[in-house]
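Structural features, examined
Spelled out, the chains give:
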Amino acid sequence: MLSLEKVNTYYGYSHILHDISLEVKEGEIVVLLGRNGVGKTTTMKTIMGIQPPKSGKVLFFGEDIAGLPPYRIARKGISLIPED
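Starting from 1, residues in each chain are numbered consecutively following that chain's sequence as written. Predicted model: local features are reported for residues with pLDDT of at least 70 only, side-chain atom pairs are reported and counted for 80 or more only, and whole-chain, interface and lining totals are derived from all residues. Values reported for side chains reflect all heavy atoms of the structure, with hydrogen atoms and water molecules removed beforehand.

For the rest of this paragraph, the subject is the pattern of salt bridges. A side-chain nitrogen of Lys or Arg and a carboxyl oxygen of Asp or Glu constitute a salt bridge if their distance falls within 4 Å. Summed over all chains, the structure comprises one salt bridge. Put simply, E63 and K76 hold a salt bridge, and the shortest N to O gap is 3.0 Å. Remark: K76 occurs in the segment after α2 (70–75) and E63 occurs in strand β4 (residues 63–64); sequence separation between them is 13 residues. Strands are runs of DSSP state E lasting at least 2 residues, helices are runs of H or I lasting at least 4, and numbering of each runs from the N terminus.

What follows is the structure in structure tokens.
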């Protein structure tokens, strides 16, 4: 359903996500855990298209959505609900 394949995301020259790969199958619930500054929010922003990856793939039902604008990703059924 949703998978990331060797995703690398940067903020300027700062390399934040290094070859991140994960898979979420239909019906699964997945949680990203970790201390501050390890890339949880950046991973979500990358999936949502807010901070597109420099390389790698973000696949949703087999379609590469990396680089699509956030509104198009939201229309496909992916959303981000911030904590605050």
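From this point, the narrative continues.
Where two aromatic rings form a pair, the distance of their centres and the angle of their planes describe that pair. For Phe, Tyr and Trp, where Trp contributes only its six-membered ring, two rings pair if their centres lie within 6.5 Å, and the inter-plane angle classes them as stacked under 30 degrees, edge-to-face over 60, or tilted in between. For the coordinates displayed, the defined rule picks out one aromatic pair. Pairing F60 with F61 gives two aromatic rings, centres 4.8 Å apart and planes at 65°, and the pair type is edge-to-face.

For patch building, the residue pool is restricted to those with more than 30% relative accessible area and no salt bridge; the joining distance is 9 Å between like charges and 5 Å between nonpolar side chains (Val, Leu, Ile, Met, Phe, Trp, Tyr). Areas reported as accessible are Shrake-Rupley estimates using a 1.4 Å probe. Residue values count occlusion only from the protein chains shown. Among the surface-exposed residues, I29, V31 and L33 lie close enough to one another that they form a single nonpolar patch of about 410 Å² accessible area. Here I29 shows up in the loop between β2 (14–24) and α1 (40–48).

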